[in-house]
Amino acid sequence: MDAKKKQQKLSLGILLIIIAATLSSLGQLAWKFGADGSGSYAVILYVIGFIAAGAGMFFMMAGFRFGEVSILQPMMSLGFALSIVLGAVFLNESITWYKLLGTGFIVAGSILLGIEGNEGAE
C-alpha cells in the first residue's frame, strides 16, 4: 500500500476515534443528567446514554481497522477533554487551571500521536 493510501486510512481512523470519543462523552453526560433526574425521565436519559456510548464503541472498533492501536487508542482521551467542556457548559462545573493544563496535555498528546502516525504512513 502506498503512503498516500496509508495516510488516508489513518486520517479516517482518527476521525472515527474522534466521533467515538464525542459519543462516549455525550453518553456520560446523559447518564449524569439521568442520575440527577427521577422516574421515566431518568430512564430515558440512561437509555440515551447507553445508545450513545454503544455507538461510540462501534465507531472506536471501526476506527481500529484503519490505523495502529498505539496511535488511535490514546486519542480516545479526547473524550476526557470534551467532558470537561461539557461539564462546564451543561453542569456549571468549574474549569480550574489544573483542568486546563491537563486538557492541554491531552490535546497536545493526541496531536503528537496524529503527527507521528502520519509520518509513519509516508
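The rules we used
Residues numbered from 1 in each chain as written. Predicted model: local features only at pLDDT ≥ 70, side-chain atom pairs only at ≥ 80, totals over all residues. Heavy atoms only, no water. UniProt positions renumbered as here; feature names shortened; annotations may be inferred. Helix = DSSP H or I, 4+ residues; strand = E, 2+ residues; numbered from the N terminus. Patch = residues over 30% accessible without salt bridge, like charges linked within 9 Å, V, L, I, M, F, W, Y side chains within 5 Å. Areas by Shrake-Rupley, 256 points an atom, 1.4 Å probe, with all protein chains shown as cover. Salt bridge = Lys/Arg side-chain N within 4 Å of Asp/Glu carboxyl O. Axes fitted to C-alpha atoms, helices over the stretch in contact; angles between N-to-C directions. Parallel < 35°, antiparallel > 145°, perpendicular 65-115°, else oblique. Left-handed = near helix turned anticlockwise from the far one by under 90°. Nonpolar A, V, L, I, M, F, W, Y, C, P; charged D, E, K, R; others polar.

The name recorded for the protein in an unreviewed UniProt entry is EamA domain-containing protein, from Enterococcus wangshanyuanii. According to UniProt, the comment filed for the protein under the heading Subcellular location (unreviewed entry) is "Cell membrane". Listed in UniProt under the heading Sequence similarities (unreviewed entry), the comment for the protein reads: "Belongs to the EamA transporter family."

Draft legend 1. Spatial organisation of the UniProt feature "domain: EamA" (unreviewed entry) in the protein. Within this structure's numbering, the places UniProt gives as "domain: EamA" (unreviewed entry) are residues 16–113. Secondary structure over residues 16–113 splits into 86% helix and 0% strand, and the C-alpha atoms at its two ends are 15 Å apart.

Draft legend 2. Up close: a nonpolar patch on the surface. Judged by side-chain polarity, Val107, Ile111, Leu112 and Ile115 come together as a nonpolar surface patch covering roughly 350 Å² of accessible area. Along the chain, the position of valine 107 falls in helix H5 (residues 97–120).

Draft legend 3. Quick peek at the packing of helix H1 (residues 3–36) against helix H2 (residues 39–63). Two elements in contact, H1 and H2, have axes whose closest approach is 7 Å; the angle formed by their N-to-C orientations is 165°. With respect to H2, the element H1 is oriented roughly antiparallel. The two elements H1 and H2 meet at a crossing, and its hand is left-handed. Across the contact of H1 with H2, the residue classes tally to 21 nonpolar, seven polar and no charged.

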